[in-house]
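# Observations on the three-dimensional arrangement
Here are the chains, one letter per residue:
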Amino acid sequence: MFLKFSITKTIHDWLFELMPAGVAGVVEMILIAVVYLLIFAVAGLYLVLLERRVAAWFQLRLGPNRVGYQGLLQTMADALKLVSKELTGTEKADKFLYNLAPYFVIVTSLMALSVFPFSEEFQAFDINIGIFFLTAISSIGVIGILLGGWSSNNKFALIGAMRSGVQTISYELSVGLSLLTMVLLTESLQLSEIVAVQKNGWLIVQGHIPAVIAFVIFMIAGTAETNRAPFDLVEAESELGAGFHTEYSGMKFAYFFLAEFINMFIIAAIGTTVFFGAWLSPFGITESIPWLGVFWFLGKTLLLVFLMMWFRWTFPRLRVDQLLRLEWKYLLPINLFNLVFMAGLIWLGLTIKF
Amino acid sequence: MEKTLLYEELKSQEYFINMGPQHPATHGVLRLLLTVDGEIIKKVEPDLGYIHRSIEKMCERDSYQQIVHLTDRMDYLSSHINNEAVCLTVENALQLDIPDRVKVIRTIIGELTRIASHCLWWGVIGMDLGALSTYFYGFRDREMINDIFEETCGARLTMNYNIPGGLMFDIHPNFVKRTKEFIAHFRNKLPEYDRLLTGNIIFQNRMKGVGILSREDAISFGASGPVGRGSGYSCDVRKHHPYSAYDKISFKEALQTEGDSFARYRVRIDEMWESMNIIEQLIDNIPEGDYKVATNAVIKLPKGEFYQKVETARGELGVYIISTGTKNPYRMKFRSPGFSNLSLLNHIAVGGKIGDLVASMATLDLVIPDIDR
Amino acid sequence: MQTEALQKYLEAWEFELTFGEETNQFLNVNVPPHQLQEFMRKLKIDHETYFDYLFCLTAVDWESTMEVVYHLESTKHRHILVVRTKTADRETPVLDSVSNIWATAEFHEREAFDFFGIHFKDHPNLKRLFLTEDWKGYPLRKDYTDEVNMVIK
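Residues numbered from 1 in each chain as written. Chains lettered and ligands numbered in written order. Predicted model: local features only at pLDDT ≥ 70, side-chain atom pairs only at ≥ 80, totals over all residues. Heavy atoms only, no water.

### Notes on the overall build of chain A
Counting its regular elements, chain A contains 12 helices and zero strands. In sequence order, the secondary structure elements of chain A are arranged as α-α-α-α-α-α-α-α-α-α-α-α. Against the globule reference of 20 Å for 354 residues, chain A gives a C-alpha radius of gyration of 21 Å, in line with a compact fold. Taken along its principal axes, the extent of the C-alpha atoms in chain A is 60 × 55 × 45 Å. Out of the 354 residues in chain A, the part that is buried amounts to 49%. (Helix = DSSP H or I, 4+ residues; strand = E, 2+ residues; numbered from the N terminus. Rg over C-alpha atoms; globule rule 2.2 N^0.38 Å. Buried < 20%, exposed > 50% of the residue type's maximum accessible area, 1.4 Å probe, protein only.)

Next comes the structure, spelled out in structure tokens:
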């Protein structure tokens, strides 16, 4: 039946029929890598457009709607412009590190994208330490920021990179702890297991009160970790320069810029997977059509992305000491307390299961 | 011996940051030389003169009608009130009897200008602090006022509607109706803006306790307008030295006592409410009569000195004319509110962080052409 | 205080004051430059006058002398006084600074120095304010000429 058609299995079988096993394996891996690169590029481009349209909607104006139908080709045009720009570089910058820094952020974003369960079968890398892998990856991303600021040989870029680095590592703690609170319910770090557990009801419903608290903390900490407003003091235009990517232009700047949007997508995707049941439909209404799961996943993720954009265009910025105070004095204690609360709830058997 | 050397090496070094003439947070071409130690500001030195157009020297060779046209380029956000100041000085010197109609219309348009200026200020303060959407909301309401001005006075920003002797032409028949519509619309919008920024905890944390100015310092530095009133110094020229139709209406002076940025912010929001009350008291009863009094084509002020104070959206503007009986003033001095407000920037910013400097400057509401003249 | 009462009160102080005409808008008092600092300080501290708000400081170039006009207001009694002082030395006028009495005078005196060349003694930071450091001449003086930039009708 068409509805039970499994795309990945079909392609896998076809490839193995066509060539010897070794070559087919390699070709399969290359194919998956290309697909993910495409997802990265396309998602990045369209998220930028979405941000501009959403911002325009909040600000009572139209966004870009001329280039292509409703502005769909706008970011394509911007990308072409960025590619054709001159790659400037300062003379005294450390050449090797200066060129290396953008690749750190891109590689970590791609690695994180590969573990998400877009659907039952569309999951490239179902490692058994899924959540742990994700938090480890985001820690590597900090290196790219610090390298970028340091190697630019620019006083303000360095200050910006330092502030950004401190912000990211502080808020990673809250992200990790709030995810840990949910792992208590699923008893497994593997992402496909987490989704399987949610067949009895999404985790945010199963864990009711502590899960909602964990979700709120996760959204706040996730926004802060990706340096988005209201935590974007690093890139604040009305303050000093443009933060750690002041000295980058052209394609390298585009890498940092796209990586920021993909990071936002990743945080939203983690939130969808852990709290809202990845590709599962509410009450199982389309369970019989498995490939619709992709659209459920994307829909829920885009809703969370919209929420993050809503934050950006509404709230003023926090000053850097207020930012750090928020994390270490407020979010961390609440997180720890919430962990104990969730553990208590599970022990007493008070979670909601359908 | 070795211990002292180590301590010397560990001392942190101050460095200079230039918030240069082109900077989104300085509202005009102002250069600030900051001496910063880490994140703490040690000294702020403003560097002025980027938009100095020698208005005072030009006034010495222009006729009085021409001088009115120079003044609205000074503080272009309260241009009508600047024009009114010069016209009042000239009319008091010539001892002209201005009809009530002129006085009431000047007051109404002055209050509309004040609301427009505060709308822009509100939009910009949100933008400076990071809430980028407020800029558009502030400008949307300002557009309605600009449309009213365009219909009646002929221009949106630099109106030149006041001339020595009265108004240039009579008000448009739609003026009263459109003003009433605007007031009804804005009365609904201002509580929304209050909820968006004023009640927001992030905004309050950025503004409370930042840039504190005591009452004695405010008086000593010559602060006027909302900057002075935020520190508890009652300095409203409309109350203490009333002009035009201000002695016939009743309104409250917006005063707060804490002296920090949040207090100055609240004062301006309260001023917008009071302006709407003033307009409502006057808009229905504009007296009939002439819209101007005839003056000579060449105005010559009698020998002597004349000073007039008005309250612009920034503070107290003073116009000082020394005349020797000829058709040009001998010396014309404009005491601009931004000049004194800027001088206290060093006092309130030292010891704070750079983010606090941005918040304090936004609440001082400086317009640099007003300072540079 | 009313103008006549204020005039009598100031006359009772032992300074060499002369008063302006009665038709002026505010009470004018002329003070010689060597008594300026003391007179101003007394005006601020004395409880009956209490002039704590200096709202305008103007320099005027009368072709033979240079004059500085101070407009003072009291926030307690709400009366206004105009203090004037003239120096005979027009080329390099020197006057006392009042910036240690009213902090706002610091910027106003810098402006007066910039445009008229009046040197204020004991000013914390007397440099040009609007014009660049290497500008020659004092533009608002009546004998200032600039063939390139000035347009005389």
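After presenting the structure, the write-up continues.
### Things to note about the overall build of chain C
If you tally the helices and strands in chain C, you get three helices and seven strands. Moving toward the C terminus, one meets the helices and strands of chain C in the order α-β-β-α-β-β-β-β-α-β. In terms of overall dimensions, chain C is globule-like: its C-alpha atoms have a radius of gyration of 17 Å, near the 15 Å expected for 153 residues. Each charge sign in chain C was given a centre, from 17 positive and 27 negative side chains, and these centres are 3 Å apart. (Lys, Arg positive; Asp, Glu negative; His and termini not counted. Charge placed at Lys NZ, Arg CZ, Asp CG, Glu CD.)

### With respect to the interface of chain B and chain A
Each partner contributes residues to the interface: chain B has 30 residues there, and chain A has 23 residues. Both faces considered, chain B and chain A share a buried interface measuring about 2300 Å² in area, 59% of it formed by carbon and sulfur atoms. When the buried surface of chain B facing chain A is broken down by residue, B:Leu132, B:Ile202 and B:Arg206 rank first, second and third, together holding 22% of it. At the junction of chain B and chain A, the tally comes to two salt bridges. At the level of secondary structure, the elements contributing two or more residues to the side of chain B that touches chain A comprise strand E1 (15–19), helix H5 (100–129), helix H6 (134–153), helix H7 (175–198), helix H8 (201–207) and helix H15 (354–364) of chain B. Counted by class, the side of chain B that touches chain A contains 18 nonpolar, six polar and six charged residues. (Contact = heavy atoms within 4.5 Å. Buried area = accessible area lost by both parts, 1.4 Å probe. Salt bridge = Lys/Arg side-chain N within 4 Å of Asp/Glu carboxyl O. Nonpolar A, V, L, I, M, F, W, Y, C, P; charged D, E, K, R; others polar.)

### Observations concerning the pairing of strand E3 (residues 40–47) of chain B
Within a regular beta strand, the side chains point alternately toward one face of the sheet and then the other, so they alternate between its two faces. Residue and element names in this part refer to chain B. Of the pairings in the sheet, the one linking strand E2 (residues 31–37) to E3 comprises seven bridges and is antiparallel in character. Looking at the pairing, Leu32 lines up with Pro46 of E3. Linking E2 back to E3 in an antiparallel pair, the connection comprises two residues, with Gly38 at a positive phi of about 75°. (Pairing = 2+ DSSP bridges.)

### Comments concerning the nonpolar core
B:Ile115, B:Phe186 and B:Tyr265 are the most contacted members of the largest nonpolar core, which has 75 residues in total. For this core, the element with the highest residue contribution is H5(B), accounting for 13 residues. Of all hydrophobic cores here, the second largest spans 73 residues; its members include A:Ala211, A:Ile217, A:Met264 and A:Phe265. (Core = buried A, V, L, I, M, F, W, Y, C linked by side-chain atoms within 4.5 Å.)

### Concerning the sheet that holds strand E2 (residues 27–30) of chain C
Residue and element names in this part refer to chain C. A sheet is described by the order of its strands in space; here five strands give the open sequence E1-E2-E5-E4-E3, paired in mixed fashion. Two strands bound the open sheet, and with one partner strand each, they are strand E1 (18–19) and strand E3 (53–62). Across the sheet, helix H2 (residues 36–45) lies against E2, strand E4 (65–73) and strand E5 (80–87), angled at about 170° from E5, the strand it touches most. Together, E3 and E4 form the strand contacts of helix H3 (residues 105–116), whose direction differs from that of E3 by roughly 10°. (Axes fitted to C-alpha atoms, helices over the stretch in contact; angles between N-to-C directions.)

### Re the environment of A:Gly201
All names here are of chain A. Of note, Gly201 is situated in the loop between helix H7 (191–197) and helix H8 (203–206). A sequence separation of 105 residues divides Gly201 from Phe306, and the C-alpha atoms of the two residues are 24 Å apart. Leaving out residues up to four positions away in the same chain, Gly201 has contacts with Gln206 and Phe354.

### Things to note about the pairing of E2(B)
As paired elements, E1(B) and E2(B) share five bridges and run antiparallel to each other. In the sheet register, B:Phe16 faces E2(B), and the bridge partner there is B:Thr35.

### Considering the side chain of A:Glu172
All names here are of chain A. With respect to the element layout, Glu172 can be found in helix H6 (residues 155–186). Despite its burial, Glu172 pairs with no opposite charge; the closest candidate is Arg228, at 16 Å N-O. The residues touching Glu172, leaving out its near neighbours within four places in the chain, are Ser138, Ser139, Val142 and Glu225.

### A few points about the packing of H5(B) against H7(B)
To characterise two packed helices, one gives the angle between the axes of the helices and the distance between these axes. Residue and element names in this part refer to chain B. Across the interface, H5 lies against H7 with an axial gap of 12 Å and an inter-helix angle of 30°. Considered as vectors, H5 and H7 are oriented roughly parallel to each other. Regarding H5 and H7, the two cross each other, and that crossing is left-handed. Contacts from Ile108, Ile109, Leu112, Ile115, Cys119, Trp122, Ile125 and Gly126 of H5 reach H7 at Phe175, Thr179, Phe182, Phe186, Tyr193, Leu196 and Leu197. Per-class residue counts for the contact of H5 with H7 are 13 nonpolar, two polar and no charged. (Parallel < 35°, antiparallel > 145°, perpendicular 65-115°, else oblique. Left-handed = near helix turned anticlockwise from the far one by under 90°.)

### Some words on the interface of chain B and chain C
With 40 residues of chain B at the interface, the matching set in chain C holds 40 residues. Carbon and sulfur atoms make up 54% of the area that chain B and chain C hide from each other, which totals about 3500 Å². Together, B:Tyr307, B:Tyr330 and B:Phe339 form the three largest contributors to the area buried by chain B at its contact with chain C, with a combined 18%. At the boundary of chain B and chain C, one finds six salt bridges. For the salt bridge of B:Glu305 with C:Arg84, the shortest nitrogen-to-oxygen distance reads 2.4 Å. Summed over the shared surface of chain B and chain C, the number is 21 residue pairs in polar contact (both at pLDDT 80 or more). Elements supplying a minimum of two residues to the side of chain B that touches chain C: E3, helix H2 (55–59), helix H9 (215–220), strand E6 (304–311), strand E7 (316–323), strand E8 (331–335), helix H13 (337–343) and helix H16 (368–372) of chain B. (Polar contact = N/O pair within 3.5 Å; in protein donor to acceptor, adjacent residues only side chain to side chain.)

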